[in-house]
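# Summary of structural features
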Amino acid sequence: MKPIFIVTFILTAMSLFAQTPLYVPDTLSGTNISLVLHKDSVAFVSGKKTNTFGVNAHRYLGPTLILRNGSPVTMSVNNQMNDTTTMHWHGLHVAPSNDGGPHTTILPGAIWSPGFTIMNDAATYWYHPHFMGKTAMHTMKGIAGMIIVRDAAEAALTLPRKYGVDDFPLIIQTQQFDSVNQVMHRGMEDSLLLVNGVRANYSNTVVASFPAQVVRLRLLNAGGERNYNFGLSANTSFSVIGSDGGLLQQPVAATRIRLSPGERAEILVNLSGMNGQTLYLMSYGSELPMGVQGGPTMPMGPGNPSMDSPLNGTDFNVLQINVGLQTSNPVTTIPSTLVPVNPYLPSQANATRTIRFTAANATIMDGPFFFNDSTFDMMRIDYRIPLNHTEIWELTNQTMVAHPFHLHDVPFYILDRDGNLPPQFERGKKDVVLVYPNETVRFITKFTDFADTVIPYMFHCHVLMHEDDGMMGQFVVSSAVTGIPQDTENKNAFSIYPNPATGLVTVSLQDFKKDEATTLSIYNTLGDLVYSENTISNAKMPISTSNYTQGIYTVQVKTKNTLLTKKLIIQ
Ligand code: C2O
Ligand code: CU
Ligand code: CU
């Protein structure tokens, strides 16, 4: 049916209409990074503008952050979106309180300033919101950007790393707009392709001018549900050098790489001697199996909506590449080895967890989907994992559609897919793995460095609407299996007054041991963190509650050895 028409249409359109140069986002680096999230609008198509969210000067998406392994960074995330959100550093190994999951909300008008040291290997990561039920809406309306981490091992290799010169970010998304051009963040008929936030198909082709030497492409699937089967035109070969969380042991020659939502890959394309030639980065959707969103559309069962994007099951251009002059000091060869990759061994595992991907019944294709038959609950901790536990997670997909499984906190190594070794390019550090219908994938990881008995990390499907619909769970990592004892001594070590309160409330910590470091947090009944402050004992903390809705809150005071809670009533 449509595929041939669409391909012809795209090819015709390319020759008839103006071409759009590849847009390369600006970069931010250093120890203080400031992100202002704001409402904006973009004329993606003719007619009414599309309402968007943007970061800093961007009307849609945000700057690329360039960070260094071992360096400290303080983020300042200023929420001018007029909607509560969070900010998650996807793939970064940070403490739960810095991870930006659904418990760490940023209220409208507020600034969230987590500070942490970068502990990740050189690779391509990204940032996006993670507010309960609104990840798809906030991300697909434009809050997302790339993070590039650099380290010494990567710097020692002869690789292209001049951003925008021989090293390019490629953030790929598709959108579906409604009749007045507004983002349908749950749209399954997504056909408007965006490369770095710029419209890339139908009447426009995004055209890159790349030098005739080795170029590095950082591919990020930042979309809601579509899988891409990337390849070059004429089956030109390329080399995969990096997976989600680091470089591979050696470059892997390939003609295709499939990326599901949330996944990244770094590839090298050797354009040496090709000055004047043109090629295309494409997605070969026709080769994806049915059940993998982006592949051929499944025949609809009763009760299922049409999910018939014209891109499904077709091969389409993502980027036109015009090869131009070589730069000075070009990289012209591909290194034969990269970095050592040392996966944990199954014999080191302390535990195996089994997670089944489920749906209410076997014919459901559009969700909601669950883990082990239960939907996400902010108030339920699914797993309590001892610090430094090495674990095997066994994921079995019992639904009709493929799901990209994502783990926060630590990268993992895929052990096997249905008992077989994963393809070469999946043998590096990963944080997202696509699990096909009826497939079982096992990965191994170790929960290192960060423990927090209160704030959990997430694991979830990275199809954003599946995540929002409850295909998510949470775990805490604790340094002691028993956790911190609640309210043992110091029964009256803090007081709240007035209580019930209106407007200003004071939390007094005067009876704690002098100068002990303390975290003061306030949670609402949903478990949302609504207030958090680091302080010391002796302090009297005045807190304005005028933004808080009426109801019962939990005030929690946490020191090194104690965790005290008291109820606060806001009238
Ligand atoms: Cu990319 Cu939990 O997210
Ligand atoms: Cu993440
Ligand atoms: Cu899913």
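As a reminder, the structure under discussion sits directly above these lines.
The following paragraphs examine the structure supplied in this document. (Residues numbered from 1 in each chain as written. Chains lettered and ligands numbered in written order. Predicted model: local features only at pLDDT ≥ 70, side-chain atom pairs only at ≥ 80, totals over all residues. Heavy atoms only, no water.)

## Notes on the overall build of the protein chain
A tally of regular secondary structure across the protein chain gives four helices and 40 strands. Relative to its length of 571 residues, the protein chain is compact, with a C-alpha radius of gyration of 24 Å against a globular reference of 25 Å. Here the C-alpha coordinates of the protein chain stretch approximately 75 × 50 × 50 Å along the principal axes. Scored against the burial criterion, the 571 residues of the protein chain give a buried share of 60%. Partitioning the intrachain contacts of the protein chain with sequence separation of at least 6 by distance along the chain shows that 73% fall at a separation of at least 24. (Helix = DSSP H or I, 4+ residues; strand = E, 2+ residues; numbered from the N terminus. Rg over C-alpha atoms; globule rule 2.2 N^0.38 Å. Buried < 20%, exposed > 50% of the residue type's maximum accessible area, 1.4 Å probe, protein only. Contact = heavy atoms within 4.5 Å.)

## Regarding unusual backbone geometry
The omega angle of the peptide bond from G367 to P368 is 0 degrees, so this bond is cis rather than trans. Structurally, P368 is set in the loop between β24 (351–359) and β25 (369–371). Residue P498 is reached from Y497 by a cis peptide bond, and omega for that bond is -10 degrees. Tracing the backbone through its elements, the reader meets P498 in the loop between β34 (495–497) and β35 (504–508). Residues other than glycine seldom take positive phi values, yet D373 does so here, at roughly 70 degrees. Residue class for D373 comes out partly exposed when judged on its relative accessible area of 48%. If you check the backbone angles, N388 has positive phi at about 70 degrees while not being a glycine. When you line up the elements, N388 lands in the loop between β26 (383–386) and β27 (390–397).

## Structural notes on the sheet that holds strand β28 (residues 403–407)
Read across the sheet, five strands follow the order β26-β33-β32-β28-β30 without closing on themselves; strand pairing throughout is mixed. The sheet terminates laterally at β26 and β30 (432–435), the two strands that pair on one side only. When strand polarity is set aside, the average angle formed by the axes of neighbouring strands in this sheet is 25 degrees. As defined by bridge partners, β28 adjoins strand β32 (residues 457–461) across three bridges and the pair is classed as antiparallel. (Pairing = 2+ DSSP bridges. Axes fitted to C-alpha atoms, helices over the stretch in contact; angles between N-to-C directions.)

## A look at the coordination of the copper ion (ligand 3)
At the metal site, the copper ion (ligand 3) is ligated by H403 (ND1), C461 (SG) and H466 (ND1), and these contacts range over 2.0 to 2.1 Å. Accessibility expressed as a relative area gives 0% for H403, which makes it buried. (Donors = N, O, S within 2.8 Å, 3.2 Å for Na, K, Ca; no water.)

## Brief notes about empty space enclosed by the protein
Counted under the stated rule, the structure contains seven cavities of 30 Å³ or more. Counted as a void, the largest cavity has a volume near 200 Å³. Together, 21 residues line the largest cavity, and M188, G291, V292, Q293 and V401 are the ones closest to its centre. Split by residue class, the lining of the largest cavity holds 12 nonpolar, eight polar and one charged. (1 Å grid on protein atoms, 1.4 Å probe; cavity = no way out; pocket = protein on both sides within 12 Å on 5 of 7 lines; lining within 4 Å. Points joined across faces, edges and corners; volume = space filled by probe spheres on them. Nonpolar A, V, L, I, M, F, W, Y, C, P; charged D, E, K, R; others polar.)

## Brief notes about the coordination of the copper ion (ligand 2)
Ligation of the copper ion (ligand 2) by protein atoms is provided by H88 (NE2) and H406 (NE2), these donors lying 1.9 Å from the ion. A residue pair is termed long-range when its members are at least 10 positions apart, and H88 in strand β7 (residues 88–90) and H406 in strand β28 qualify at 318 residues. Assigned by exposure class, H88 and H406 land together as buried.

## Description of the side chain of T174
Here T174 lies in strand β12 (residues 167–175). Of the polar contacts made by the side chain of T174, one reaches the side chain of D190; its length is 2.5 Å. (Polar contact = N/O pair within 3.5 Å; in protein donor to acceptor, adjacent residues only side chain to side chain.)

## Structural notes on the pairing of strand β36 (residues 517–523)
Taking burial as the measure, the seven residues of β36 include five buried ones, the bulk of the element. Examined bridge by bridge, β36 and strand β37 (residues 529–536) share seven bridges and lie antiparallel to one another. Bridge pairing in β37 places A517 opposite I536. As judged from the five bridges shared by β36 and strand β39 (residues 551–558), these two strands associate in the antiparallel manner. Within β39, the residue paired with S521 across the bridge is Q556.

## Some thoughts on the layout of surface pockets
Reported here for the largest pocket is a volume of approximately 950 Å³. Residue assignment for the lining of the largest pocket shows that the elements contributing at least two residues are β8 (111–112), β36, β37 and β39. By residue number, the principal contributor to the lining of the largest pocket is β37, which donates six residues. Residues belonging to the lining of the largest pocket are distributed by class as follows: 18 nonpolar, 14 polar and four charged.

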